[in-house]
Amino acid sequence: MIRLLPVVALTFFIALPATAQTNDSQSFVDSVFGRFGVNTPKPEGTYLGRLTDNPYLPDSITNPYGPYGSRYAPNSVNNPYGRYGSRFSPNSANNPYATNPPKLYAPNGKYLGNLSKNRFDPDSIANPFGRYGNRFSPDSVNNPYGRYGSPYTLTPPSIYSGDSVSYTHLTLPTNREV
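Model, not experiment: these values are computed from the prediction.

Novice: An account of the environment of glycine 146 is needed here, citing residue identities and associated values.
Specialist: Checked against the element boundaries, glycine 146 lands in the loop between strand 3 (111-114) and strand 4 (158-160). Under the relative-accessibility criterion, glycine 146 is labelled buried at 12%.

Quick look at the structure:
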């Protein structure tokens with residue numbers, strides 16, 4: 001027991017600086033594991049920019065001259081003829097009936113809902129009664145006092161396409177190929 005005490009104390013003091021820069025228990029756990037070399041899972045799909053009102057941020061979807069906010073960029077959610085901005089595409093944020101809309105993720109990899117206009121999708125940020133669309137939910141980007149919806153946040157949520165990487169085309173080697 002006495003030998004275990006210094007190990008516990010050392011672990012506590014290593015993790016202590018991480019508590020000063022985090023606001024919730026999940027990011028505390030992520031920062032503690034990050035110090036020991038364990039990384040949190042990163043989202044899959046194509047990166048589509050950041051959900052922020054700052055038009056001067058280079059990867060903001062509100063920057064009309066940036067690669068993610070321009071109406072003419074192929075992967076922009078603002079392109080009315082593109083895959084992620086069209087009113088008719090199943091992968092679009094602007095289609096209220098989209099089956100595979102873009103997804104929002106916090107910088108620590110936490111899922112924050114679908115970037116969709118579908119008010120009936122339980123994971124949509126447009127659903128006022130859902131976890132990710134309710135303006136009183138701590139996980140909502142619509143909560144101006146929350147961590148992810150504050151206009152003063154330094155780390156706005158990232159947008160990724162709902163397309164995941166498919167590994168079905170890969171085959172295992174046979175005994176003859178080894």
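Novice: Mind laying out the pattern of salt bridges, listing which residues take part and the relevant values?
Specialist: What the rule picks out here adds up to three salt bridges. Across the salt bridge formed by aspartate 139 and lysine 110, the nearest N and O atoms sit 2.8 Å from each other. Here lysine 110 lies in the loop between strand 2 (103-105) and strand 3 and aspartate 139 lies in the loop between strand 3 and strand 4, a separation of 29 residues in the sequence. Aspartate 139 sits in the buried class, given a relative accessible area of 10%. Across the salt bridge formed by aspartate 139 and arginine 131, the nearest N and O atoms sit 2.6 Å from each other. Several salt bridges share partner residues, and in doing so they unite Lys110, Arg131 and Asp139 into one network.

Novice: Lay out the sheet that holds strand 2 in plain terms, naming residues and giving numbers.
Specialist: Reading across from one edge, 1-4-2-3 is the order of the four strands in this open sheet, with antiparallel pairing throughout. At either margin of the open sheet sits one strand with a lone partner, and together these are strand 1 (47-50) and strand 3. Strand-to-strand twist of the sheet, defined as the mean angle between neighbouring strand axes without regard to direction, takes the value 25 degrees. Pairing of strand 2 with strand 4, which is carried by three bridges, proceeds in the antiparallel orientation. Looking at the pairing, leucine 104 lines up with isoleucine 159 of strand 4.

Novice: Which residues make up the pairing of strand 3, and what values go with them?
Specialist: Strand direction decides the pairing type here: strand 2 and strand 3, joined by two bridges, are antiparallel. Bridge pairing in strand 3 places lysine 103 opposite asparagine 114. The antiparallel hairpin formed by strand 2 and strand 3 contains five residues in its connecting segment, where glycine 109 sits at a positive phi of about 95 degrees.

Novice: Account for the nonpolar core, naming residues and giving values.
Specialist: Counting residues in each nonpolar core, the largest one holds 14 residues, and the members touching the most others are Val77, Leu104, Leu115, Ile125 and Ile159. Look past the residues within four positions of isoleucine 159 in its chain and what remains in contact with it is Thr46, Tyr47, Leu48, Gly49, Arg50, Leu51, Ile61, Pro102, Lys103, Leu104 and Leu115.

Novice: Describe the layout of surface pockets, listing the residues and the values that go with them.
Specialist: Here the largest pocket is characterised by a volume of approximately 220 Å³. Along the wall of the largest pocket there are 13 residues; nearest its centre are Leu51, Thr52, Asp53, Val141 and Gly149. Taken together, the residues of the lining of the largest pocket sort by class into seven nonpolar, five polar and one charged.

Novice: Let's hear about the packing of aromatic side chains: which residues, and what values?
Specialist: A complete count under the given rule lists five aromatic pairs for this structure. A centroid spacing of 5.4 Å and a plane angle of 65 degrees characterise the contact between tyrosine 47 and tyrosine 160, whose relative ring orientation is edge-to-face. One end of the pair, tyrosine 47, is in strand 1; the other, tyrosine 160, is in strand 4, and 113 residues separate them in sequence. Connected via pairs of aromatic rings, a cluster forms that spans Tyr47, Tyr68, Tyr105, Tyr111, Tyr132 and Tyr160.

The rules behind these values
Residues numbered from 1 in each chain as written. Predicted model: local features only at pLDDT ≥ 70, side-chain atom pairs only at ≥ 80, totals over all residues. Heavy atoms only, no water. Helix = DSSP H or I, 4+ residues; strand = E, 2+ residues; numbered from the N terminus. Buried < 20%, exposed > 50% of the residue type's maximum accessible area, 1.4 Å probe, protein only. Salt bridge = Lys/Arg side-chain N within 4 Å of Asp/Glu carboxyl O. Pairing = 2+ DSSP bridges. Axes fitted to C-alpha atoms, helices over the stretch in contact; angles between N-to-C directions. Core = buried A, V, L, I, M, F, W, Y, C linked by side-chain atoms within 4.5 Å. Contact = heavy atoms within 4.5 Å. 1 Å grid on protein atoms, 1.4 Å probe; cavity = no way out; pocket = protein on both sides within 12 Å on 5 of 7 lines; lining within 4 Å. Points joined across faces, edges and corners; volume = space filled by probe spheres on them. Nonpolar A, V, L, I, M, F, W, Y, C, P; charged D, E, K, R; others polar. Phe/Tyr/Trp six-rings, centres within 6.5 Å; stacked < 30°, edge-to-face > 60°.

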